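Residue strings, one per chain:
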Amino acid sequence: MEDKVRRDAQEAASDHAWLKMIVPDPDTPAVVAGTVTLWSHEPVPGTGQEPFSEIGWMVLPEFQGRGLAKRATRTHLEQARDENRWGVVHAFPATGNGPSNGICRSLGFQLLGELDNQPASKRSGSDLHAS
Ligand SMILES: CC(C)(COP(=O)(O)OP(=O)(O)OC[C@H]1O[C@@H](n2cnc3c(N)ncnc32)[C@H](O)[C@@H]1OP(=O)(O)O)[C@@H](O)C(=O)NCCC(=O)NCCS
């Protein structure tokens, strides 16, 4: 976990990823409910793959069900669009993840299809994109 946090901090500091904290109340900035992260995937050499961006989100259980993930993800995507930096953004929620699929639906993601476990990214679920 420490390694993961260190890597995330390095990626955010180098601006390779946008890692934003969800702060429900600006009067208590130390209270963080979750994160929204946007990062880019480099194509695997020789695959002809295009580079693409991915967004992911999480909210701690005690803060869930208040609309925080949806609001934070919308804000993040609007900023990405305004800065015209990330191109088409994909999300890979598990097919059984009701809240995440709800977020994708209401924020205008388009369902591209379902994926089985992907060895390259270790993800399964739906591939959705927003532009
Ligand atoms: C997924 C997660 C971020 C949702 O956070 P949240 O702040 O509770 O989500 P919101 O309150 O913004 O709700 C999002 C939408 O899901 C809907 N929703 C909530 N629970 C749902 C359920 N069980 N089934 C279907 N939709 C559901 C909400 O109604 C809302 O849609 P609406 O505004 O159109 O009504 C949170 O549950 C989480 O962190 N889970 C563990 C990590 C995870 O799954 N990350 C996502 C990986 S892609």
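The structure this text deals with has already been given above.
Everything numeric in this text was worked out from a predicted model, so none of it was measured. (Residues numbered from 1 in each chain as written. Predicted model: local features only at pLDDT ≥ 70, side-chain atom pairs only at ≥ 80, totals over all residues.)

Remarks on the overall build of the protein
So, point 1. Counting its secondary structure elements, the protein contains three helices and six strands.
So, point 2. Intrachain contacts of the protein at a sequence separation of at least 6 include 46% that bridge at least 24 residues. (Helix = DSSP H or I, 4+ residues; strand = E, 2+ residues; numbered from the N terminus. Contact = placed C-beta atoms within 7 Å.)

Structural notes on helix α2 (residues 68-83)
So, point 1. The first and last C-alpha atoms of α2 sit 23 Å apart over 16 residues, in line with the 22 Å expected at 1.5 Å per residue.
So, point 2. Turning to α2, its buried residues number three or more, namely Ala69, Ala72, Thr73, His76 and Leu77. Looking straight down α2, one finds that the buried residues subtend no more than 130 degrees of arc, so they occupy a single side. Exposed and oriented more than 90 degrees from the buried face of α2 are Glu78 and Asp82.
So, point 3. Just downstream of α2 lies asparagine 84, where phi reads positive at about 50 degrees. (Expected span 1.5 Å × (residues − 1). Buried ≥ 20, exposed ≤ 12 C-beta atoms within 10 Å, placed from the backbone. Arc of directions from axis to C-beta.)

Considerations on unusual backbone geometry
So, point 1. We note that aspartate 15 has phi near 65 degrees; this positive angle belongs to a residue other than glycine.
So, point 2. When the 8 C-beta atoms within 10 Å are taken as the criterion, aspartate 15 is described as exposed.
So, point 3. One non-glycine residue with positive phi stands out, namely asparagine 84, at about 50 degrees.
So, point 4. Mapped onto the elements of the fold, asparagine 84 is located in the loop between α2 and β4 (89-91).
So, point 5. Judged by C-beta crowding, with 7 C-beta atoms within 10 Å, asparagine 84 ranks as exposed.

Considering the site of the ligand
So, point 1. Around the ligand, the structure places 19 residues, and the nearest of them are Gln64, Ala69, Lys70, Gly98 and Gly102.
So, point 2. Elements with a minimum of two residues in the shell around the ligand: β3 (52-59), α2 and α3 (98-106).
So, point 3. Considering every element that reaches the shell around the ligand, the biggest residue donor is α3, with six residues.
So, point 4. Its residues assigned to classes, the shell around the ligand comprises eight nonpolar, nine polar and two charged. (Near = placed C-beta within 6 Å. Nonpolar A, V, L, I, M, F, W, Y, C, P; charged D, E, K, R; others polar.)

Let's talk about the nonpolar core
So, point 1. Among the nonpolar cores identified, the biggest contains 15 residues, and Val36, Ile55, Ala69, Ala72 and Val89 are the most heavily contacted of them.
So, point 2. Listed by contribution, the elements that provide at least two residues to this core are β2 (34-41), β3, α2, β4 and α3. (Core = buried A, V, L, I, M, F, W, Y, C linked by C-beta atoms within 7 Å.)

Concerning the packing of α2 against α3
So, point 1. At a closest axis distance of 10 Å, the pairing of α2 and α3 adopts a crossing angle of 40 degrees. One finds that α2 runs oblique with respect to α3. Like other packed secondary-structure pairs, α2 and α3 cross with a definite hand, here right-handed. Of the residues in α3, those in contact with Ala69, Lys70 and Thr73 of α2 are Pro99, Ile103 and Ser106. (Axes fitted to C-alpha atoms, helices over the stretch in contact; angles between N-to-C directions. Parallel < 35°, antiparallel > 145°, perpendicular 65-115°, else oblique. Left-handed = near helix turned anticlockwise from the far one by under 90°.)

Notes on the environment of histidine 41
So, point 1. As for its placement among the helices and strands, histidine 41 is situated in strand β2.
So, point 2. Sequence separation of histidine 41 and phenylalanine 52 is eleven residues, and the distance between their C-alpha atoms is 5.4 Å.
So, point 3. Among residues more than four places away in sequence, those in contact with histidine 41 are Pro51, Phe52 and Glu54.

Topic: α3
So, point 1. Regarding α3, the residues found buried are Ser100, Ile103 and Cys104. All buried residues of α3 project into a common sector of 95 degrees when viewed along the axis, lining one side. Exposed and oriented more than 90 degrees from the buried face of α3 are Gly98, Arg105 and Ser106.
So, point 2. Trailing α3 by a residue or two, glycine 108 shows a phi angle of about 90 degrees, which is positive.

Limitation: the analysis is restricted to geometry and does not speak to function.
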